[in-house]
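Fold and contact review
Residue strings, one per chain:
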Amino acid sequence: MADINIANAQLELGKKGFLDLAIDPTMDLFKEIARLKKEKNAIVLAHYYQEADIQDVADYIGDSLGLAQQAEKAQADIIVFAGVHFMAETAKILNPTKKVLLPDLNAGCSLADSAPADLFKKFKAKYPDHIVISYINCTADIKALSDIICTSGNAEKIIESVPAETPIIFAPDKNLGAYLNKKTGRKMVLWNGACMVHEIFSLEKISKLKLRHPEAKVIAHPECEEPILRIADFIGSTTQLLKYTQQDSGQAYIVATETGILHQMQKASPEKNFIPAPPDNSCACNDCPHMKLNTLEKLYLCMEYEAPEILMEENLRLAAKKPIDRMLAISRAAGLIG
Ligand code: 13P
Ligand code: SF4
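As a starting point, this report considers the structure included with it. (Residues numbered from 1 in each chain as written. Chains lettered and ligands numbered in written order. Predicted model: local features only at pLDDT ≥ 70, side-chain atom pairs only at ≥ 80, totals over all residues. Heavy atoms only, no water.)

The helix and strand tally for the chain stands at 16 helices and 12 strands. Against the 2.2 N^0.38 benchmark of 20 Å for 338 residues, the chain shows a C-alpha radius of gyration of 20 Å, consistent with a compact globule. Taken over the C-alpha atoms alone, the chain extends approximately 65 × 50 × 35 Å along its principal axes. Going through the 338 residues of the chain one by one, you find that 54% of them count as buried. (Helix = DSSP H or I, 4+ residues; strand = E, 2+ residues; numbered from the N terminus. Rg over C-alpha atoms; globule rule 2.2 N^0.38 Å. Buried < 20%, exposed > 50% of the residue type's maximum accessible area, 1.4 Å probe, protein only.)

Around ligand 1, a shell composed of 13 residues is seen, among which His47, Ser64, Ser152, His221 and Thr238 lie nearest. His47 places a side-chain nitrogen or oxygen 2.6 Å from an oxygen atom of ligand 1. Surface burial for ligand 1 is 96%, taken as the share of its 300 Å² of free accessible area covered by protein chains. Classifying every residue of the shell around ligand 1 by side-chain character gives four nonpolar, seven polar and two charged. (Near = heavy atom within 4 Å. Polar contact = N/O pair within 3.5 Å; in protein donor to acceptor, adjacent residues only side chain to side chain. Areas by Shrake-Rupley, 256 points an atom, 1.4 Å probe, with all protein chains shown as cover. Nonpolar A, V, L, I, M, F, W, Y, C, P; charged D, E, K, R; others polar.)

Hydrogen bonds along the backbone pair up the strands of a sheet, which may run parallel or antiparallel. Pairing in this open sheet of four strands is parallel, and the strands run E10-E9-E11-E12 from one edge to the other. Two strands close off the open sheet at either side, each with one partner strand: strand E10 (234-235) and strand E12 (273-276). Pairing between strand E9 (residues 217-220) and strand E11 (residues 252-256): four bridges, direction parallel. What sits directly across from Ile219, in E11, is Val255. Packed on one face of the sheet, helix H13 (residues 238-247) meets E9, E10, E11 and E12 and runs near 155° to E9. On top of the sheet, helix H14 (residues 261-268) reaches E9, E11 and E12; it is set at about 170° to E12, its chief contact. (Pairing = 2+ DSSP bridges. Contact = heavy atoms within 4.5 Å. Axes fitted to C-alpha atoms, helices over the stretch in contact; angles between N-to-C directions.)

Glancing now at the site of ligand 2. Surveying the vicinity of ligand 2 reveals the residues Tyr49, Val84, Cys109, Ser110, Asn137, Cys195, Val197, Glu223, Cys288, His290 and Met291. When the residues that make up the shell around ligand 2 are grouped by side-chain class, the tally is seven nonpolar, three polar and one charged.

This part covers unusual backbone geometry. Glycine aside, residues mostly have negative phi, and peptide bonds are mostly found in the trans state. A cis geometry characterises the amide bond from Ala171 onward to Pro172, with omega recorded as -10°. Tracing the sequence through the fold places Pro172 in the loop between strand E7 (168-171) and helix H10 (174-184). The omega angle of the peptide bond from Ala307 to Pro308 is -5°, so this bond is cis rather than trans. In this model, Asn41 sits at a positive phi of 50°, which is unusual for a non-glycine residue.

Time to look at the packing of helix H2 (residues 29-40) against helix H15 (residues 296-305). At a minimum axis separation of 10 Å, H2 and H15 run at an interaxial angle of 30°. Relative to H15, the element H2 lies roughly parallel. Regarding H2 and H15, the two cross each other, and that crossing is left-handed. Here Leu29, Phe30, Glu32, Ile33, Arg35, Leu36, Lys37 and Lys40 of H2 come into contact with H15, specifically with Leu296, Glu297, Leu299, Tyr300, Met303 and Glu304. For the contact of H2 with H15, the class distribution of residues is eight nonpolar, no polar and six charged. (Parallel < 35°, antiparallel > 145°, perpendicular 65-115°, else oblique. Left-handed = near helix turned anticlockwise from the far one by under 90°.)

Bringing H14 into the picture now. Buried within H14 are the following residues: Ile261, Leu262, Gln264 and Met265. Each buried residue of H14 lies within a common arc of 165° when the element is viewed along its axis, so the set occupies one face. Buried residues along H14 sit in contact with helix H3 (52-57), strand E2 (60-62), E9, H13, E11 and E12. (Arc of directions from axis to C-beta.)

The next subject is the pairing of strand E3 (residues 78-82). Each regular strand carries side chains that alternate between the two faces of the sheet. The buried fraction of E3 is high, at five of five residues. Direction of pairing for strand E1 (residues 42-47) relative to E3: parallel, over a ladder of five bridges. Across the sheet, Leu45 pairs through a bridge with Phe81, a residue of E3. With three bridges joining them, E3 and strand E4 (residues 99-101) adopt parallel strand pairing. Bridging from a neighbouring strand, Ile78 pairs with Lys99 of E4.

Let's shift gears to the packing of aromatic side chains. If you walk through the whole model with that rule in mind, you get seven aromatic pairs. With centroids separated by 4.3 Å and ring planes inclined at 0°, the aromatic side chains of Phe234 and Tyr244 adopt a geometry described as stacked. Of this pair, Phe234 sits in strand E10 while Tyr244 sits in helix H13; the two residues are 10 residues apart in sequence, bridging distant segments of the chain. Overall, Phe234 belongs to the partly exposed group, its relative accessible area being 24%. An aromatic cluster of at least three residues, connected via ring pairs, comprises Phe120, Phe123, Tyr127 and Trp191. (Phe/Tyr/Trp six-rings, centres within 6.5 Å; stacked < 30°, edge-to-face > 60°.)

Don't take any of this as a statement about function, it's just geometry.
Laid out in C-alpha cells, this is it:
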C-alpha cells in the first residue's frame, strides 16, 4: 500500500517535474539502476549533454541522429530517455510499443519552444510552394507540419537530397539554417528560432582565450552564431566534434557547445586539453538548463516507478513519423547510419 502511495506521489510530482523525492543517500544508485535495467528489461539512452554520471550508466550515448536510430531499433520493453522532451517524443514516435520514460518532464528545449505550431502554420502558409525541412529539435506538432526532419549530423545531406529548384523553409534554428545556406548555396527561408545555450558564446572571450592558448583549436556546434562559426577550425554535431578530437593531431580544443560533451572527449583522449568556450555572461558555465534537469536520482526514480511516461495521440504520432522516416532513409542511403 505504501508503495502505491509513493508511486502516485511520484506520478504527480513527475507531472510537475520534481521527480526527486528524498531517497536514501547511502543508496548505490549505479547498482540500483543496473538492477532495474535487468529486472525491467530497460535501456538508458543518453545525450552527450547529460551529466557525467548519467552518461556513465547509459547503454548508448549519442547525438540526436544516433539516439533516434537507437530508439527506433530498441528491443527493450522500456526506453529511459536521458535527454530532453523532443528526443523522448521522437523515441515514442519511432517505437510506439515501448514504454518511453523521461526522468524530468520539464526537460524542454528553448529551440523547440521558439516554434509554436500555430504560428509556424501561418508562416508556412505564406510559402505554399516550399517544402519544409525541420531540425529534429522541435515538437511533434512541428514535425507533423514538416516534409523532412534533419539533425546537425545529416542536415547537409538532407538538403542536398532536395532538387536544387525546390524552395525550402528551414525551421526552427536560424543559426543552423544560415550556416547551411552558406554551406549548400541554397537560399532557404529561415524560421527565427535559436538555442539559448549556443547563442551565448562570447567572441571576445573566446578570442582572449585563444591568445592564452594559441595551440588550441576552436571547435563549434552549428547552432552557434555566425561570428563563432567563422573562427571555428571545425564545425559539427556533437558526435562529429567528439570524433574530430579523437582523430585530429591537435592537443588542445576550445569547445563551443554544451559542456556535457567534454566528459566523453576527456575520456577518449585523456592526454588532451579541453576548454569550454566561455559564454557572454557572468556565469562560468554553458550548461543547458533543460538537459541538466535530469539527475541520476531522477533517473533511478523514473525507472523504479515507471514515470513520467511519454504518451502521444496516434494521429499526431503517424503524421510526425513520416518526415522522420524520410530523414532516416536518406541518412542510411548516404551511409551516415547503419
Ligand atoms: P546534436 O545532438 O545533433 O549534436 O544537437 C545538439 C543539441 O543541441 C541537442 O539538443
Ligand atoms: Fe535545446 Fe539548446 Fe538545450 Fe539542445 S542545448 S536541448 S537545442 S536548449
